Amino acid sequence: VQLQASGGGLVQAGDSLRLSCAASGRTFSSYTMAWFRQAPGKEREFVATIPWTGAIILYSDSVKGRFTISRDNAKNTVYLQMNSLQAEDTAVYYCAVRDARDGGIWRTVKSYDYWGQGTLVTVSS
């Protein structure tokens with residue numbers, strides 16, 4: 001199982017970026033997917049999660065209203081649209097998949113079983 005994250009880069013405050021994470025090796029259309037991030041010197045933190053139905057979506061308070069998570073089950077891909085980026089959003093962003101067909105939403109690192117390699121987002125102020 002591999003998760004390949006892409007779309008990171010260097011942007012200015014107020015800009016937008018769209019991250020993608022493509023899963024291969026298995027079909028994850030029935031599983032919860034999520035994005036986390038880790039800033040230098042800090043612990044990995046939850047950003048957003050979406051179950052396979054897309055019916056319930058959870059965001060961290062710090063990104064709510066600016067970021068949008070979505071998924072394309074046919075492409076085994078999850079996306080993170082990031083608008084109004086701020087310097088505090090600078091981090092390595094990781095996608096993750098929970099290996100359980102429970103349809104729930106989870107915000108802890110230990111709830112997820114597979115992780116991508118991360119893509120760096122740098123926002124200059």
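This structure is a prediction, so every number in the text was calculated from the model and none was measured. (Residues numbered from 1 in each chain as written. Predicted model: local features only at pLDDT ≥ 70, side-chain atom pairs only at ≥ 80, totals over all residues. Heavy atoms only, no water.)

**A word on the pairing of strand 5 (residues 45–50)**
Look at any regular strand and the pattern is simple: side chains alternate between the two faces of the sheet. In terms of burial, strand 5 is a largely internal element, five of the six residues being buried. Pairing analysis gives five bridges linking strand 4 (residues 33–38) to strand 5, with the strands arranged antiparallel. Pairing of R37 across the sheet is with E45, part of strand 5. Of the strand pairs in this sheet, strand 5 and strand 6 (residues 58–59) are connected by two bridges, and their pairing is antiparallel. Bridging from a neighbouring strand, A48 pairs with Y59 of strand 6. (Buried < 20%, exposed > 50% of the residue type's maximum accessible area, 1.4 Å probe, protein only. Helix = DSSP H or I, 4+ residues; strand = E, 2+ residues; numbered from the N terminus. Pairing = 2+ DSSP bridges.)

**Things to note about unusual backbone geometry**
The phi dihedral of N76 falls on the positive side, at around 55 degrees, and the residue is not glycine. Here N76 shows up in the loop between strand 7 (67–72) and strand 8 (77–82). What makes N76 buried here is its relative accessible area of 11%. Here S84, not a glycine, exhibits a phi torsion of approximately 50 degrees, which is positive. Looking at the secondary structure, you find S84 in the loop between strand 8 and strand 9 (91–97).

**Brief notes about the environment of V63**
Among the structural elements, V63 can be located in the loop between strand 6 and strand 7. Residue V63 is classed as buried on the basis of its relative accessible area, which comes to 0%. In this structure, the C-alpha to C-alpha distance between V63 and S124, residues 61 residues apart in sequence, is 17 Å. Ignoring anything within four residues of it in the chain, the contact list for V63 reads R37 and V47. (Contact = heavy atoms within 4.5 Å.)

**A look at the pattern of salt bridges**
Opposite charge on two side chains allows them to pair when their charged atoms are near. All chains considered together, the criterion is met by six salt bridges. The closest approach of N and O atoms between R37 and D89, which form a salt bridge, is 2.9 Å. Of the two residues, R37 sits in strand 4 while D89 sits in the loop between strand 8 and strand 9, which places them 52 residues apart along the sequence. According to the relative accessible area criterion, R37 is buried, its value standing at 5%. Owing to a relative accessible area of 1%, D89 belongs among the buried residues under this scheme. A salt bridge links D61 to K64; its shortest N-O distance comes to 3.4 Å. (Salt bridge = Lys/Arg side-chain N within 4 Å of Asp/Glu carboxyl O.)

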